[in-house]
Amino acid sequence: MQEDRIRWGVVGTGGISHQVTADFSMVEEARVTAVSSRQQASADAFAEEHDIAGRFSRFSDMLGSDVDAVYIGTPHVTHFPLASEALRAGKHVLCEKPLGLNSREVETLSALASASGVFLMEAMWMKFTPLHRKLADMIRIGALGEVRCLQASFGAAFPRDDSSRWQPGGSALLDQGIYPVTLAHMLFGTPTSVRAIGTTRPDGVDLRGHAMLGYDDDRIAQLAFSMVDWLGSAAMIGGSEAWITIDNGFWYANEFTIHRPLERGQRDDEVVTTSRQGFGYAPMLREVCQAIQAGKLEHPLHTHAQTSAIYATMDEIRRQVADGRAEDQ
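Residues numbered from 1 in each chain as written. Predicted model: local features only at pLDDT ≥ 70, side-chain atom pairs only at ≥ 80, totals over all residues. Heavy atoms only, no water.

**Overview of the layout of surface pockets**
Our working definition: Whether a set of points on the 1 Å grid over the protein atoms alone is a cavity depends on a 1.4 Å probe fitting there but being unable to get out, while an open set qualifies as a pocket with protein on both sides within 12 Å along at least five of seven lines; lining residues are those with an atom within 4 Å of a point. Grid points are joined across faces, edges and corners, and a volume is the space filled by probe spheres set on the points. Secondary structure follows DSSP: runs of H or I at least 4 residues long count as helices, runs of E at least 2 residues long count as strands, and numbering of each begins at the N terminus. Only Asp, Glu, Lys and Arg are considered charged in this grouping, and only Ala, Val, Leu, Ile, Met, Phe, Trp, Tyr, Cys and Pro are considered nonpolar; every other residue, Gly among them, is considered polar.
For the largest pocket, the calculated volume is near 600 Å³. Around the largest pocket, the lining is made up of 22 residues, and of these I16, E96, K97, R165 and D175 lie nearest the centre. For the lining of the largest pocket, the secondary-structure elements that each account for two or more residues are α1 (15–24) and α7 (172–188). Of the residues belonging to the lining of the largest pocket, the class tally is nine nonpolar, nine polar and four charged. Its boundaries defined by the atoms lining it, the second largest pocket holds a volume of some 480 Å³. For the second largest pocket, the lining is made up of 19 residues, of which G12, T13, R38, T74 and P75 are closest to its centre.

**A few points about the pairing of strand β4 (residues 69–72)**
On a regular strand, each side chain points to the face opposite its neighbour's, so the side chains alternate between the two faces of the sheet. Note the threshold: For the exposure calls, accessible area comes from a 1.4 Å probe over protein chains only, and a residue counts as buried if that area is under 20% of its type's maximum, exposed if over 50%, partly exposed in between. A pair of strands is treated as paired once DSSP finds two or more bridges between them.
Because side chains alternate across β4, one face comprises the buried residues A69 and Y71, and the other comprises V70 and I72, equally buried. Relative to β4, strand β1 (residues 6–11) runs parallel, the two sharing four bridges. The partner of V10 across the bridge, within β4, is Y71. Two strands pair when backbone bridges link them, and β4 and strand β5 (residues 92–95) are joined in this way by four bridges, in the parallel orientation.

Right under this line is the structure:
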């Protein structure tokens, strides 16, 4: 296995890169051999902490080294150009969400990956967690009966600082709302209708929004996202025979509860608990490495087509939010 391990280069030295690099150490199919940062001092400090040999201040130089694949953990406005450069260099790419700023960028990256014959995936780790794998199994065996509705939100009042989320290209939908939208696509697929309202700054940064996604047979997903308000971060999935509630932080939670109604207003609650390995990224990292070793260009849990469909839905949500009342906040 030592000789077959995939050599990864980490792009960016922020908090998410530290966590993912730590979880890579739990994956026997992987070895982090390089890190890239715009500042050499940052690359050196990161490399020292994680015992990484390759340390680069130029991304192109890292691509010219012996890495097989890159993990991109930089601010999301940089994802498209960095992923494009890596794919053209023949490197496999695992990119933090959002993979692109819109469906056009996502589809362009998918085409580049296919043309280069390399693996590409957005790092939507939620789909790979033990909880969400178990959730999918419970729904598949009919634990809720017919699944009819979803309610999910993610909102946090972030500090007004000079971070990238407040700069042009920032987006509460792409940063927070992507999780509720992805969960809706996991459960129901592509919606047949989208209704959204919210707040967008004059420079195009969407700050908050509420969306209702409609599906065949009257299924509904009610979603909310914000970077200026605190919202509950739990999720509820309703079915014809029972419903499931997922703890706050539904995208990384370790526990959900199945609620089954009984006679006289009583109910039978079953708590399902899973465990987390490391920071929670290890299951995804392991699956990605195994897919690359198998010669796959995408992973069946988060395919290029599924990713493009999610971004098409988000494009429409952002369009409707932007068409509503804009505020300079």
